[in-house]
Amino acid sequence: MQPSADPERPTEVTLLSQAGNAAVVHLPGRAFPGVNLQGDSLSVLRTQLAGAAGTLRETPGDADALDELDDVVRELNALLAYYERVLAQHGMRRPY
């Protein structure tokens, strides 16, 4: 991902919803809203995925690694469901 040419330029966004560590925001010029996820939450998900992938490379079928992957999938499913609810509340279609 490339940073914008002027990363500190103030930009107004439309906050559609905010819950917990995530918010659904609509950036100017974008057709669909996005999800803003707190950096620490993003880091936790990445760490879980990387750890599970590493373990499965060394020990295919490791139950603990599969549990970690299941946890990440549950978190992403919840985040996606939240995103879809917010879009529906605002009468917006999904980008997929």
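Refer to the structure presented above.
Residues numbered from 1 in each chain as written. Predicted model: local features only at pLDDT ≥ 70, side-chain atom pairs only at ≥ 80, totals over all residues. Heavy atoms only, no water.

**Considering the pairing of strand 1 (residues 14-19)**
The side chains of a regular strand alternate between the sheet's two faces. In this structure, strand 1 lies alongside strand 2 (residues 22-26), joined through five bridges in antiparallel fashion. The partner of Gln18 across the bridge, within strand 2, is Ala23. A loop of two residues connects strand 1 with strand 2, the two strands running antiparallel in sequence, and Gly20 in this loop sits at a positive phi of about 60 degrees. (Pairing = 2+ DSSP bridges. Helix = DSSP H or I, 4+ residues; strand = E, 2+ residues; numbered from the N terminus.)

**Some thoughts on the pattern of salt bridges**
One pass over the full model with this rule turns up two salt bridges. Put simply, Arg74 and Asp71 hold a salt bridge, and the shortest N to O gap is 2.3 Å. Of this pair, Arg74 and Asp71 both sit in helix 2 (residues 63-89), separated by three residues, roughly a single helical turn. Given a relative accessible area of 29%, Asp71 falls into the partly exposed group. (Salt bridge = Lys/Arg side-chain N within 4 Å of Asp/Glu carboxyl O. Buried < 20%, exposed > 50% of the residue type's maximum accessible area, 1.4 Å probe, protein only.)

**Things to note about the sheet that holds strand 3 (residues 34-37)**
The strand order across the open sheet formed by three strands is 1-2-3, and the pairing between neighbours is antiparallel. Edge positions in the sheet fall to strand 1 and strand 3, since each of these pairs with one other strand and no more. Ignoring strand direction, the axes of neighbouring strands in this sheet form an average angle of 25 degrees. As defined by bridge partners, strand 2 adjoins strand 3 across four bridges and the pair is classed as antiparallel. Across the sheet, Val24 pairs through a bridge with Val35, a residue of strand 3. Where helix 2 meets the sheet, its contacts fall on strand 1, strand 2 and strand 3, and the angle it forms with strand 2 comes to roughly 40 degrees. (Axes fitted to C-alpha atoms, helices over the stretch in contact; angles between N-to-C directions. Contact = heavy atoms within 4.5 Å.)

**Some thoughts on a negative patch on the surface**
Taken together, the side chains of Asp64, Asp67, Glu68 and Asp70 define an acidic patch exposed on the protein surface. In this structure, Asp67 sits in helix 2. Judged by relative accessible area, which is 44%, Asp67 ranks as partly exposed. (Patch = residues over 30% accessible without salt bridge, like charges linked within 9 Å, V, L, I, M, F, W, Y side chains within 5 Å. Areas by Shrake-Rupley, 256 points an atom, 1.4 Å probe, with all protein chains shown as cover. Lys, Arg positive; Asp, Glu negative; His and termini not counted. Charge placed at Lys NZ, Arg CZ, Asp CG, Glu CD.)

**Focus: helix 2**
End to end, helix 2 covers 39 Å across 27 residues, agreeing with the expected 39 Å (1.5 Å per residue, within 8%). Within helix 2, the full set of buried residues consists of Ala65, Val72, Leu79, Tyr82, Tyr83, Glu84, Val86 and Leu87. Here the buried face of helix 2 lies against strand 1, strand 2, strand 3 and helix 1 (39-58). Two or three places before Asp64, at the opening of helix 2, Asp62 has a side-chain oxygen 2.9 Å from that residue's backbone nitrogen. Gly91, located one to two residues past helix 2, shows a positive phi value of around 65 degrees. (Expected span 1.5 Å × (residues − 1). Polar contact = N/O pair within 3.5 Å; in protein donor to acceptor, adjacent residues only side chain to side chain.)

**Describing the environment of Val72**
Locating Val72 in the fold gives a position in helix 2. Setting aside residues no more than four positions away along its own chain, Val72 makes contact with Leu45, Gln48 and Leu49.

**Remarks on helix 1**
Each α-helix winds once per 3.6 residues, and so residues spaced three or four apart point in a common direction. For helix 1, spanning 20 residues, the distance from its first C-alpha to its last is 29 Å, which sits close to the expected 28 Å at 1.5 Å a residue. All buried positions along helix 1 are accounted for by Ser41, Leu45, Gln48 and Ala52. Taken end-on, helix 1 shows its buried residues confined to a sector of 60 degrees, consistent with a single buried face. Across helix 1 from its buried face, at more than 90 degrees, point the exposed residues Asp40, Leu42, Arg46, Arg57 and Glu58. Those residues of helix 1 hidden inside the fold are in contact with strand 3 and helix 2. (Arc of directions from axis to C-beta.)

These results come straight from atomic positions and should not be treated as a statement about function.
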